[in-house]
Each structure stands twice: as C-alpha cells, then as structure tokens.
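# Chain and residue survey
The chain contents come next:
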2 protein chains.
Amino acid sequence: MTYTTKSTSPDLNKRHEAVVERLAAAGSLKERNVSQMYLAKKGEITWEMRRVAEREGFEPEFVRDQVASGRAVITSNVAHPEADPIIIGEAFSVKINANIGNSALHFSVDEELEKLRWAVKWGADTVMDLSTGPNIIETRDAILRNSTVPVGTVPIYEALARVDGDVAKLNIDLMLKVIEDQASQGVDYMTIHAGVLKHTIPMTCKRKTGIVSRGGAILTKWMIMKKEENFLYTHFRDICQIMKRYDVAFSLGDGLRPGCLADANDAAQFAELDTLGELAKIAWEYDVQTMIEGPGHVPMNLIAENMERQRRVCHGAPFYTLGPIVTDIAPGYDHITSAIGGAMIAMMGCSMLCYVTQKEHLGLPDKDDVKQGVITAKIAAHAADIAKGLPGARKRDDELSAARAAFDWEKQYELSLDPETARAFRDHGLPEGEDKKSEYCSMCGPNFCSMRLSKQAREMAAAQQSEESQALPK
Amino acid sequence: MTYTTKSTSPDLNKRHEAVVERLAAAGSLKERNVSQMYLAKKGEITWEMRRVAEREGFEPEFVRDQVASGRAVITSNVAHPEADPIIIGEAFSVKINANIGNSALHFSVDEELEKLRWAVKWGADTVMDLSTGPNIIETRDAILRNSTVPVGTVPIYEALARVDGDVAKLNIDLMLKVIEDQASQGVDYMTIHAGVLKHTIPMTCKRKTGIVSRGGAILTKWMIMKKEENFLYTHFRDICQIMKRYDVAFSLGDGLRPGCLADANDAAQFAELDTLGELAKIAWEYDVQTMIEGPGHVPMNLIAENMERQRRVCHGAPFYTLGPIVTDIAPGYDHITSAIGGAMIAMMGCSMLCYVTQKEHLGLPDKDDVKQGVITAKIAAHAADIAKGLPGARKRDDELSAARAAFDWEKQYELSLDPETARAFRDHGLPEGEDKKSEYCSMCGPNFCSMRLSKQAREMAAAQQSEESQALPK
C-alpha cells in the first residue's frame, strides 16, 4: 500500500519514553491508574492523544475531551509498546478489526503471524487474537510482539482452555488471573461478556438460532449448571481494577447478539444492551476506557434502531459491530452481507467494524480470506467516512477518479485498496503485446471507451467555444 | 439452485398461444399496439400479468393496475417467446440484471451463451447484451433464442457499429432501423439515451470524470460535431411508435450519470433526470412501458436524494440503477461497492439493480466474474426485499437459519445462494476423514461451537425447568 491517510510511522521510542515516565509517577501496580481516560479527565494531553490527533487531523484538546467523556477510546496498553495507538469513536474515522487466531483444528504460530502481517498490510486497524486451540499464550505473545496495531482478545477462551474445556470449572478467580496475565502481556482491549445474565436466558429459548456468541454460550451453560449469576457481572468492579493498571479497554461483549434475521432486535439482545450501558458507567468510575459490541444478523430496516438504542442506553460509548449481516442466505459471501450492514451502521455512527470473512459460518479463515475480509470491511468503513462528511475522507477517491479520467493507470492502481488485483484484472484483458498505458480497457475496447469519447468531446467543445464563445449552451 | 421463490416453469406454449391470438386481433404491424400497458389500461388481464402475479404472490388485478399506471413494467416482447416474463416495479421483488456481450477485444458467441447460462443459473432476472464487437446481430440472436429471461440492449452500440464507429454518420433513420430490427428480433427492453441534451453538455465540463456512459458520450460527441439537438430526443415519438408494436419497454438511459463521487447529484445528472421524467409521460401516451436508469457513483449520504427525486420527477416509473457505487477507491471490488449502494437504494424503492462485476473499470467480465457479480447483486436485492417487508421475503433466511441451528449442513447448502462454494469452504477446513455431518466447523472446532453449546444449554435449561418449574428466570 503506497497510499495511506496516516502520516508516516511515528517514533515509537517516544511513546515508550512517555509510558516509562508515566509508570514511574503512577505508584504501585496494584493501585495505579494509567488509563488514557484517567489522564484525560485530569486534563492531561498525552503522547498517545497527540499521536491520534495527528493521524486523524484533529486538535489534541478535542481528542482529550472525547476520551475524558467516554465518547472515544485510545487503545494503548502500556505493556504493548510495539503498537501505534488508534482512536475509536464516532467523531473519528471508522476503524476495522480483523480476527485472527487458531482453533483446535488448525494451529500454527507462523500461520497466525502471516495472517497478522497480511491483515495489517491490507488495512486492519486492530486485530483480535481469538485463538481457542493449543499454545494460546505463545501464539498471543508472538502476535503482540509483532503487531504494530492494537490487539484485542476474548479472555474467557483462554480460561476455558486452562480448565480443559470443562465449563463447570470456570470461576472469577481464574478469570481475573487470565485477564491480568493477558493485560501484563500487552493486550489492548478485551471482550468481556458481562451482560449475559440469568434473567436473559429464558429470553433466548424461543430464538431460531439461540446464542451464537461463543462467550455468551459458555457463560449461559455455566449459569445453568451453577444456578448462579454470571461471575463477570457480579465481579465487574474487580475486573475494572485490573484494566486500569495497564490501560486495557473494555469491549463489552454482546453474548446475546442475534444469529439470524429472525432473532434481530429481540428482548434478549436489548436487555443485554441495557446491561452493557450500566456496566459502561461503572467502568468509567474506574476510568477504564470502554466500547460496546453489537450485532450480528440484522435486516437493513432494523439497523438504525440498533445504533439509536446503543447511543441512548450506552451514554455515547463507541459502538463496535460484527456486521450487521443483512441476509442469512449467503454462506460463502458473508464478507459482502456484512459490508452492506456495516457500511450502513458506520454511516449512522458505529465506530468500529469487525470484519467478517467469506468463511464465516463455515470454517477458519486462511490468509486469502483475511485479505478479502479486510478489504471488504475497509470499503464499508471508508464509504461511511465519506458519508459522515469526515474532512478529507473523499480526497483519495477524488485523486483516483482524476487519474481514471486522465488514463493514468499506474496512479489508479497506486490509489486503489488493492493495487495488485486491479492491475492484474486489467492486464489480463488486454491483448498480447498491447501497451499497458493505452487509453482503454477490454471492457469497452478503444472505440467504445466513454472516458476517451468524453475527453474528445470536451476537447471539441473547448475548441468550439473559443471559436464561437458560448455557442453551445444555446 | 434447488431453492427458488419462483414457481415451477410455466408452459410457455400458453404464452405463445396468447401472443398469437393477441397479434391476430391487433391489426397491421405499423398500427398495432400490443403493449402490456395498452392492454392494462383497457382493463385486460393478460397471460403475462397472471404469470407474474403467480410468481410474486399478488392478485392479477393488482398487477394490471400497476402496469396501467406505469408503476411497473412487464418485460415481454411478443417476438421473444422463449422468455418467462417478469415484473419490475417498486411493489414487487427487486430484480437484478447481468450485463453480458462482447467487445472488440473479446468476441465468441459460445462464450456469451455460456455467460448467459451462468448468469441465469446464479439468479439474474434479466440480461443485457451490451455487445460492441464483431457479429453483434448473430450474438444477440443466439442470446435471445437461448434466454429464458428477458433481454435488454443499447441499440446505439449497433448503430455505431453499422457506421464503422464514425459518430458523425449516426442519424435518426439509422437508429429507427436498428431499433425496429432489434425489436422484431425479440429484445424486451432498450436503453435509449434521449435525455442527454445540448444544454446539458456545458454542465458536464467541470466534472472530474465527465461523461462515463458510453451512449451518453457518443451522443454528446455527435451533438458537438453537428451542433444539433440529440436525435433520440427530437424523434422520441417515432421511437415510441416502434416500441408499442412489439411491446419493447424503454429503459431511459442515464447518459449523464456520475462517474465518481465528486460528480454525484450534480446539475447535469438531475437535469437529465427531469428530461427522463418528461419522456416517460410521452412514452405512456403511446402505452410504451418505461423504466428510468440511475447512477452510478454516489456517496451513501446522497443516495436517498436520488430515489426521492426520481420518484418525484418520473411519476412513479420504476427506477433501475447501476450500483450506486459508494467509493471510488476499490477497483477490483466494485461488485461490493455497488452492492452496498444497491442494497440501500433498493430498500428505498429502486426496482432493479444492474450488477457490477469485479472487473468494472478494468476489463470485460468472464464467466466467473459474471457469477460473482450476479450473486453479489442478488444479496443486495434480497436484503432489500426483506427490509421492504415483502411478504415471505425472509422465509428462505429463516429456513436456512433453522438448518444452521440444527446442524443440518446439507439443507444449509441447499438453501444457500451458492451451495457449491458453501460446501467447499466447510469441507476444506475439516480434518481428513472427519464426518462431514459433524456438529461443528473448523472456525471454532468442537469445544467452542456456540451453536453446540447453545443447544446443550437449552437442553439443560429444559431439563431443569421440568424439574423445578421456572426456577431459572428468578
């Protein structure tokens, strides 16, 4: 990618210096609070705030204010110095996340690192390591130490792996241990399914696809077995105590997101969303940065209600959605079904889109699926940035279109999300030996190229106008 | 495709009989009017109206009323007995069109027939033959005689080919000849760029990408050369006289559609749309069925204005759009950029979406591009049918989701838009020798399958409830 809206890479040593200084002043590990929100509330403009302000073209003070009010999150664990921080919030450019990580059926650290590299190359703003297979810790460590983008996780996966998949053995002490271990390793944000509660279980029984979130399903099974309330909810403040020590952000998980159109916007989903809103307020008491996860499978006509309701009950915390996927009938194409819903909800204010790959519902994505998924999510996010009227968002589009009209193919490729594919598609269609710079492509051939005809027409019009001055417009 | 919302194929001999009878009663070729709109206005419910009513689940009288008022078009040239008619209108399911046809760089009748077969197999409701290369007439004849779906064309392409690409030699007599030749061959609808006018030319001069419609560019060049008004506009009534003899529908072309986001919703585009609205009224005087073509490249926030304005100035004539494409930066992925805009405008009321393939802007689509393009457009159209609340539109989604929850993989595949790809994706991820019916996929592996966990949780909850009667909901 030769084109990027980001400035050149920052000197991350500077970030490291700022963090070292901050930690030295912050006191004991147990008591310290190093979150950006804590600092923002105190009125401090941090290195990280300046950095994201520079990336996005805003004033640092505006960034500080957004973070202080909870309307934006800067993902920047102090133990992840390799990462260039980003800001996630409605006022800023829409971000995309790529899920990587192994499963019990496929596990190779090298393969995950290759997926990481690939995801970042094609435009992922964050990656989530969703490993559930062997070597969870080693895989995550390799990802963290090699990732220049913030990394998210779902700690309950590791917790369950530590008890060999025996849900009954899960408990809060184990979870707190896993969360702190991952926090100290450098994880920038964590999905915590604290909104799946005992009273919401019966609400899911009549659903067509029940509970489709892995975390949600695990916790539901635990609650049924134990006849107790979700320990992530009852011990939420204990979790906050850990998060603030490292500046890990919450991504409050939507364990009850709809898994099909028929279940969208139902009582279970919205009951959980209400709880997530309450939890966001508690997290903010501890100055823990927080975003809210959202659906899922939602028909287009019900998307707006998701955004409006989230904005209302979650007090402006950034929304981070998986899709929405707008039809259930396209397994193998859910990068597209989710791009449609994702573009729409991002235009309405959603701050981050989790990519969905074409393998969704069918298998673990491979490297090519990651690429397709990232580019498709990027299309949705970028289209939303333009629709939101973000300053400068359309600049790249305008430059590419100008290059298109000027038959500057090389510049077109360079400005494309995927220059390699664009070039290959055009070259493939041209006859052997044809000049690759020719003013047409195989779609229309030379005589039917509208761009070429239009250029000729403009030239003729200009010549006539200088002859007859305004004869044409009658 | 084993699943279809359409009923089983009709006996097209019955249509043929109805047409023969109709033609016998209609008088001389020159004077006759056999359009569905003419018959609808007379109060007649034709075989074609009954057929589309059956396909869509409406009363025939409602169909007749929609056709009589111009709010819907039944594409059904009396000289194309091979085709099963469809209805295009806001009240009905959203249709998709696939463009096929050769160019000067690629021409093979067999290849085009293969694309036709492929487009129909994957769900195209109509095809347009946009051939601009050699053997235009033979290629079109092969397509018409083999197509079970209505076929559209852009006659000015053949006109230009007949004068060896010399724009200056175009004239109305040639065009009328081409239109009548194509009409008698069986073309069901034709794009006529009668809205590109002399006074609109200066409006395009400051555009970033000028005129991107091939027809629009050809006619603009002609007007500049001749210093005369567009002959398709000045002789529009002569064209109507031909259309009604065969029941060819107008697809009034948007020769000035925007070719980039920067040009969207500009004066040129909307001036042409106003003209198309006037022309629709003239077409209806002759009972010629009419739809209106629309953009193009449009940012998401400007899509609604397109639909609202079209509805207002075109008096309810069906809208038929190419996209809209919502960002310019994704050459190689414009099937996706157009699916986002297409789904949105279809939800708002657009009646037909022209597919855009991944080769758009870069080259002529091949067979695989046609498949990807059709399926992607189908996703957009189907998502819109659901969002519009069309009766029964979500049935297939519900059935697929029920199969998903029940781990009925075979039924999932069968209900998918692309069963082959869905099956291949899942099978690829499973270990060698693994039972393909197992209750998980490689995405999560057996222990982390939320569907499986959710099923276990439901079973446990049911068992507990029968023990303790409602102990869970506290």
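First, a word on what this report is: a plain description of the structure on this page. Just so it is clear, the model here is predicted, and its values are computed rather than measured. (Residues numbered from 1 in each chain as written. Chains lettered and ligands numbered in written order. Predicted model: local features only at pLDDT ≥ 70, side-chain atom pairs only at ≥ 80, totals over all residues. Heavy atoms only, no water.)

Throughout the structure, instances matching the rule amount to 16 aromatic pairs over all chains. Plain terms: the ring middles of Trp118 of chain B and Trp122 of chain B are 5.7 Å apart, the flat faces sit at 85° to each other, and that makes the pair edge-to-face. By the burial criterion, Trp118 of chain B is buried, and Trp122 of chain B matches it. Geometrically, the ring pair formed by Trp409 of chain B and Tyr413 of chain B is tilted, given 6.4 Å between the ring centres and 40° between the ring planes. Separated by four residues within a single helix, Trp409 of chain B and Tyr413 of chain B lie in helix α18 (residues 409-415), roughly one turn from each other. This pair shows no difference in class: Trp409 of chain B is buried, exactly as Tyr413 of chain B is. Residue placement shows Arg426 of chain A over the ring face of Trp409 of chain A; its charged tip is 3.7 Å from the ring centre. Between the NZ or CZ atom of Arg32 of chain B and the centre of the ring of Tyr246 of chain B, over which it lies, the distance is 5.3 Å. (Phe/Tyr/Trp six-rings, centres within 6.5 Å; stacked < 30°, edge-to-face > 60°. Buried < 20%, exposed > 50% of the residue type's maximum accessible area, 1.4 Å probe, protein only. Helix = DSSP H or I, 4+ residues; strand = E, 2+ residues; numbered from the N terminus. Lys NZ or Arg CZ within 6 Å of the ring centre and 35° of its normal.)

All names here are of chain B. The end-to-end C-alpha distance of helix α1 (residues 12-25) is 20 Å, a good match for the 20 Å that 14 residues give at a rise of 1.5 Å each. Along α1, the residues classified as buried are Arg15, Ala18, Val19 and Arg22. For α1, the buried positions fall inside an angular range of 100° around the axis, keeping them on one side. Across α1 from its buried face, at more than 90 degrees, point the exposed residues Asn13, Glu21 and Ala24. On its buried face, α1 sits against α2 (36-41) and α3 (47-56). The N-cap residue of α1 is Asp11: its side-chain oxygen and the backbone nitrogen of Asn13 are 3.0 Å apart. Residue Gly27 follows α1 closely and has a positive phi angle near 85°. (Expected span 1.5 Å × (residues − 1). Arc of directions from axis to C-beta. Contact = heavy atoms within 4.5 Å. Polar contact = N/O pair within 3.5 Å; in protein donor to acceptor, adjacent residues only side chain to side chain.)

This next bit is on the packing of helix α5 (residues 109-121) of chain B against helix α6 (residues 136-146) of chain B. All names here are of chain B. Two numbers describe how α5 lies on α6: the axes approach to 10 Å, and their chain directions differ by 30°. Considered as vectors, α5 and α6 are oriented roughly parallel to each other. Our pair here, α5 against α6, has a crossing hand that is right-handed. Listed contacts from α6 to Val109, Glu112, Leu113 and Leu116 of α5 are Thr139, Ala142, Ile143 and Asn146. Partitioned by chemical class, the residues of the contact of α5 with α6 number five nonpolar, two polar and one charged. (Axes fitted to C-alpha atoms, helices over the stretch in contact; angles between N-to-C directions. Parallel < 35°, antiparallel > 145°, perpendicular 65-115°, else oblique. Left-handed = near helix turned anticlockwise from the far one by under 90°. Nonpolar A, V, L, I, M, F, W, Y, C, P; charged D, E, K, R; others polar.)

Looking now at the relation of the copies chain B and chain A. Between chain B and chain A, the superposition needs a rotation of 180° and an axial shift of 0.0 Å, giving an RMSD of 0.0 Å. Seen this way, the second copy is the image of the first under a two-fold rotation axis. No C-alpha of chain B approaches the rotation axis more nearly than that of Ile340 of chain B, which lies at 2.3 Å. Most of the interface of chain B is mirrored in chain A: 100% of its interface residues are interface residues there too. (Least-squares fit on C-alpha atoms with pLDDT ≥ 70 in both.)

Once that is clear, we can look at the interface of chain B and chain A. The partner chain A presents 111 residues to the 111 residues of chain B that form the contact. Taking both sides of the interface into account, the surface hidden between chain B and chain A amounts to around 9900 Å²; carbon and sulfur atoms contribute 70%. Linking chain B with chain A are zero salt bridges. Between the two partners, chain B and chain A, sit 10 residue pairs in polar contact (both at pLDDT 80 or more). Those elements that provide at least two residues to the side of chain B that touches chain A are α7 (155-162), α10 (214-226), α15 (334-348), α16 (367-387), α17 (395-405), α18, α19 (419-429) and α20 (450-468) of chain B. Partitioning the side of chain B that touches chain A into residue classes produces 60 nonpolar, 31 polar and 20 charged. (Buried area = accessible area lost by both parts, 1.4 Å probe. Salt bridge = Lys/Arg side-chain N within 4 Å of Asp/Glu carboxyl O.)

So, to be careful, I would describe these as geometric facts and stop short of saying anything about function.
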